[in-house]
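One-letter residues, chain by chain:
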Amino acid sequence: MKFRQLGFLSKASVIWLGIVMFMVIFGQWIPLPKPTNFDIDAMGVGLFDSLKHPLGTDANGYDLLSNVIRGARPSMLISLISVGVGGFIGSALGIIAAYKRGKLDYIVNTLFNIVLSVPALVLGLALVAVLATNPDPNIEVPTSRRVIVIILSLTIVIIPVLGRIARGATLSWSNREFVVAARSMGMKDSQIIMKHIVPNVLPAIYAVAFLAIGVVIVVEGSLSLLGVGIVDGVSWGSMIARVRGDLEYAPHSMIVPVLVLALTVIACNQLGDVLRSQLDSREGRL
């Protein structure tokens with residue numbers, strides 16, 4: 001579907017996600033105060049009250065706009081990497097299991113159900129507690145280590161989600177006439193999967209992947225609020241965690257990152273719904 005054919009909300013979602021990706025790629029070159037520098041003379045400045053700080057500052061004098069821009073990169077990269085890697089592994093397992101059927105399908109589907117039974121936050125808390133915590137509380141855990149553990153936990157959560165979508169779509173497409181004809185002509189299973197199954201399963205995966213990106217952003221933020229995510233306001237979630245005590249004195253310092261995170265999640269969900277509706281209409285025509 002072309003951009004001009006989209007509805008107003010979908011166009012707004014595309015534009016907003018474009019702005020977010022611009023912040024991810026080019027944010028470090030935007031001429032703004034450094035996110036780690038605090039302005040003693042401008043502590044708690046409100047929205048649009050200062051040309052130097054367009055979105056204001058928090059109670060400690062940190063510029064909110066520069067922190068939002070800095071937080072876009074880790075929040076989006078964690079989400080994209082988790083969904084990308086988890087989607088690839090889960091989709092591969094789901095497609096192969098559904099096409100082969102039998103014991104392999106039973107084992108893979110059972111593993112999916114077991115992982116899905118564990119809440120994402122519980123899994124994240126457990127992995128961070130085991131893999132990203134030092135016995136000595138005086139030794140600080142590197143941020144990169146926390147990021148890797150968070151990506152690992154979120155990837156594990158995404159694998160069964162997109163894996164079941166891929167499995168269900170494969171079960172639907174594997175009995176179509178063109179697949180049966182290709183099998184009867186002696187085409188190898190690997191060729192059938194790559195040529196006939198994967199191209200038809202991908203649209204369903206893309207639709208749910210957009211929804212999954214929004215979910216992962218929220219989960220990462222929740223982990224930060226619980227104190228086990230990224231620290232020092234590096235991501236949107238950790239930024240919210242850092243200013244949660246300033247709600248009474250500088251409420252805008254909480255509203256700004258929450259609004260940015262919420263708009264990103266809503267935009268991902270909106271585009272996911274559009275892709276899913278397009279997929280439903282496509283399957284209805286077949």
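Rules of the game
Residues numbered from 1 in each chain as written. Predicted model: local features only at pLDDT ≥ 70, side-chain atom pairs only at ≥ 80, totals over all residues. Heavy atoms only, no water. Phe/Tyr/Trp six-rings, centres within 6.5 Å; stacked < 30°, edge-to-face > 60°. Buried < 20%, exposed > 50% of the residue type's maximum accessible area, 1.4 Å probe, protein only. Axes fitted to C-alpha atoms, helices over the stretch in contact; angles between N-to-C directions. Helix = DSSP H or I, 4+ residues; strand = E, 2+ residues; numbered from the N terminus. Left-handed = near helix turned anticlockwise from the far one by under 90°. Nonpolar A, V, L, I, M, F, W, Y, C, P; charged D, E, K, R; others polar. Salt bridge = Lys/Arg side-chain N within 4 Å of Asp/Glu carboxyl O.

K.L.:
Which residues make up the packing of aromatic side chains, and what values go with them?
P.N.:
In total, this model carries three aromatic pairs according to the counting rule given. Ring geometry for Phe 26 and Trp 29: centres 6.5 Å apart, planes at 50 degrees, overall tilted. Judged by relative accessible area, which is 40%, Phe 26 ranks as partly exposed. The exposed category is assigned to Trp 29, whose relative accessible area is 60%.

K.L.:
Which residues make up the packing of helix 2 (residues 64-100) against helix 5 (residues 143-173), and what values go with them?
P.N.:
It is at 5 Å that the axes of helix 2 and helix 5 come closest, and there the two elements cross at 35 degrees. In the crossing of helix 2 with helix 5, the sense of the turn from one axis to the other is right-handed. Tallied by class, the residues present in the contact of helix 2 with helix 5 amount to 17 nonpolar, nine polar and one charged.

K.L.:
Pulling in residues and values, what's your account of the pattern of salt bridges?
P.N.:
Tallying each qualifying case throughout the model produces three salt bridges. For Arg 242, the salt bridge identified is with Asp 58, shortest N-O distance 3.7 Å. In this pair, Arg 242 sits in helix 8 (residues 236-243) while Asp 58 sits in the loop between helix 1 (8-26) and helix 2, placing the two residues 184 residues apart along the sequence. Judged by its relative accessible area of 0%, Asp 58 is buried. Residue Asp 189 is joined to Lys 100 by a salt bridge in which the shortest nitrogen-to-oxygen separation is 3.0 Å. Placement of the pair is Asp 189 in helix 7 (residues 189-225) and Lys 100 in helix 2, with a sequence separation of 89 residues.

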